[in-house]
Amino acid sequence: MRNLDYKNSRHRVMSVENEKDLARTKRFTRLAIVFAFLLAFFWPLGSFFFWIFFGASAYFIFLAIYYRPRPKQDENFTSHTRSTWKAQKSEPVSQDSRKKIFLIVFILGGTVFFILFMLMIIGFIVGDDTPDQAVVDTADENVDRLALTSNPSDLNALTNLGNRFYSQNQFDSALIYYDKILSIDPQNSSGMYNKALVFYQTKNYAKSIELSKKCFSTHPENIDAIILTGDNYYAQENFSEAISWYRQAYEKGARNPELLNIMAYIYDKQNRSSEAIQLYKETLEQDSSYVQIYERLAELDPAHGDWYRKKAEQWKLR
């Protein structure tokens, strides 16, 4: 009876241990799945996140396997003919041994994980400060598409995606998103301007002018729409119309060197030398590296021709 009681009590202890192991296995399996999901979600952001979540997922997978319930020893087996070695193999690992194994693996795993983490940090410090543009673009695109799944009318996400296709010269795809913006908000400034810009790039100047003028009339503060209207006329060599629109942008405060230079060029072609000289000089105030402007000013302003030619030669030597 004493032996039977011992076996029954031992069987109950092993069952409790198995239940604990089963609970641990489930918990570590869930954690492994969570980190695997995070690995898949953050993968586009770069190798740093990949190794962090991959290491954590692999670590919890190991723990789930380590703590999986062991098969119970057959309580009715009483044969004394098995060799000692075989009997020892069938016995479950003792609790002390399991703790030692777990401690060793925990220390080794933690050390490897710490080394990988420090290598990533060092790589960020001594490496290129700017992330790979393709990775950034992919991550941003995923964020925008995710935003549209929760809110298909997200104008910022639609604009970002349209602009991304535009920057890749995929104008038809860009138009799809710009049209979606205008279907939600027909007076949207960015939607009208960007769509007009696509028409300008595809040389559909009539439609581009129509949209850019509408954008300006609806949003007078949109100076880019004024300049785009002028660009459309300039592309068609209608310089009189182009300069009138450029002048409006100039009077509203536009002073970028490209605009100033093209205005000066038009005035120069129209033999309006005083306006051309003024705008050429303003261009050089914004960007002094325009060699051809120095050379042209040497012709338009011969009194200072030597100085302009000297500056041109200096920039050529740089």
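This text follows the structure it describes.
All of the points below concern the structure found in this document. (Residues numbered from 1 in each chain as written. Predicted model: local features only at pLDDT ≥ 70, side-chain atom pairs only at ≥ 80, totals over all residues. Heavy atoms only, no water.)

1. Things to note about the overall build of the protein chain
Here is step 1: Check the secondary structure of the protein chain and you find 15 helices and zero strands.
Here is step 2: The buried share of the protein chain, reckoned over its 318 residues, is 32%.
Here is step 3: In the protein chain, of all internal contacts separated by at least 6 residues, the share reaching a separation of at least 24 is 50%.
Here is step 4: Counting every atom, the protein chain has about 20400 Å² of accessible surface; 58% of that belongs to carbon and sulfur. (Helix = DSSP H or I, 4+ residues; strand = E, 2+ residues; numbered from the N terminus. Buried < 20%, exposed > 50% of the residue type's maximum accessible area, 1.4 Å probe, protein only. Contact = heavy atoms within 4.5 Å. Areas by Shrake-Rupley, 256 points an atom, 1.4 Å probe, with all protein chains shown as cover.)

2. Here we look at the environment of Ser183
Here is step 1: Tracing the backbone shows Ser183 in helix α7 (residues 171-184).
Here is step 2: Its relative accessible area of 58% is what places Ser183 among the exposed residues.
Here is step 3: For the pair Ser183 and Ser153, spaced 30 residues apart in sequence, the C-alpha separation works out to 9.8 Å.
Here is step 4: A polar contact is formed between the side chain of Ser183 and the backbone oxygen of Lys180, at a distance of 2.6 Å. (Polar contact = N/O pair within 3.5 Å; in protein donor to acceptor, adjacent residues only side chain to side chain.)

3. Quick notes on the packing of helix α6 (residues 155-167) against α7
Here is step 1: Interhelical geometry of α6 versus α7 gives an angle of 160 degrees and a closest axis separation of 7 Å. In terms of orientation, α6 lies roughly antiparallel with respect to α7. Both α6 and α7 take part in a crossing whose hand is left-handed. Residue-level inspection shows Leu155, Leu158, Thr159, Leu161, Gly162, Asn163, Phe165 and Tyr166 of α6 in contact with α7, the latter providing Phe171, Ser173, Ala174, Tyr177, Tyr178, Lys180, Ile181 and Ile184.
Here is step 2: In the contact of α6 with α7, the residues fall into 11 nonpolar, four polar and one charged. (Axes fitted to C-alpha atoms, helices over the stretch in contact; angles between N-to-C directions. Parallel < 35°, antiparallel > 145°, perpendicular 65-115°, else oblique. Left-handed = near helix turned anticlockwise from the far one by under 90°. Nonpolar A, V, L, I, M, F, W, Y, C, P; charged D, E, K, R; others polar.)

4. A few points about unusual backbone geometry
Here is step 1: A positive phi angle is found at Lys203, which is not glycine, with a value near 65 degrees.
Here is step 2: Among the secondary structure elements, Lys203 is positioned in the loop between α8 (189-201) and α9 (205-218).

5. Concerning the nonpolar core
Where a protein is soluble and globular, its nonpolar side chains tend to be buried together.
Here is step 1: The biggest cluster of nonpolar side chains holds 56 residues, and the ones touching the most others in it are Tyr246, Leu259 and Met263.
Here is step 2: Ignoring anything within four residues of it in the chain, the contact list for Leu259 reads Ile227, Tyr246, Ala249 and Ala254. (Core = buried A, V, L, I, M, F, W, Y, C linked by side-chain atoms within 4.5 Å.)

6. Digging into the pattern of salt bridges
Side chains carrying opposite charge are able to pair once their charged atoms draw close together.
Here is step 1: As enumerated under the stated definition, the model contains eight salt bridges in all.
Here is step 2: Taking the shortest distance from any N to any O, the salt bridge between Arg164 and Asp144 comes out at 3.6 Å. In this pair, Arg164 is assigned in helix α6 and Asp144 in helix α5 (residues 133-150), connecting sequence segments 20 residues apart. Accessibility classification places Arg164 together with Asp144 in one group, the buried group.
Here is step 3: Between Glu275 and Arg272 there is a salt bridge, and its shortest N-O distance comes to 3.3 Å.
Here is step 4: Taking relative accessible area as the criterion, Glu275 reaches 23% and is therefore assigned partly exposed.
Here is step 5: You can call Arg272 partly exposed: its relative accessible area is 34%. (Salt bridge = Lys/Arg side-chain N within 4 Å of Asp/Glu carboxyl O.)

7. Considering the packing of aromatic side chains
Here is step 1: Tallied over the entire structure, the rule returns six aromatic pairs.
Here is step 2: Over the face of the ring belonging to Tyr177 we find Lys180, whose NZ or CZ atom lies 5.1 Å from the ring centre.
Here is step 3: Stacked on the ring of Trp315, the Lys or Arg Arg318 has its end atom at 4.0 Å from the ring centre. (Phe/Tyr/Trp six-rings, centres within 6.5 Å; stacked < 30°, edge-to-face > 60°. Lys NZ or Arg CZ within 6 Å of the ring centre and 35° of its normal.)

8. Digging into the packing of α7 against α8
In a packed pair of helices, the relevant descriptors are the angle between the two axes and the axis-to-axis distance.
Here is step 1: Running from amino to carboxyl end, α7 crosses α8 at an angle of 155 degrees, the nearest separation of the two axes being 9 Å. Taken as axis vectors, α7 and α8 run roughly antiparallel relative to one another. Here α7 and α8 pass one another in a crossing that is left-handed. Listed contacts from α8 to Phe171, Ala174, Leu175, Tyr178, Asp179, Ile181 and Leu182 of α7 are Gly191, Met192, Asn194, Lys195, Val198, Phe199 and Gln201.
Here is step 2: In the contact of α7 with α8, the residues fall into nine nonpolar, three polar and two charged.

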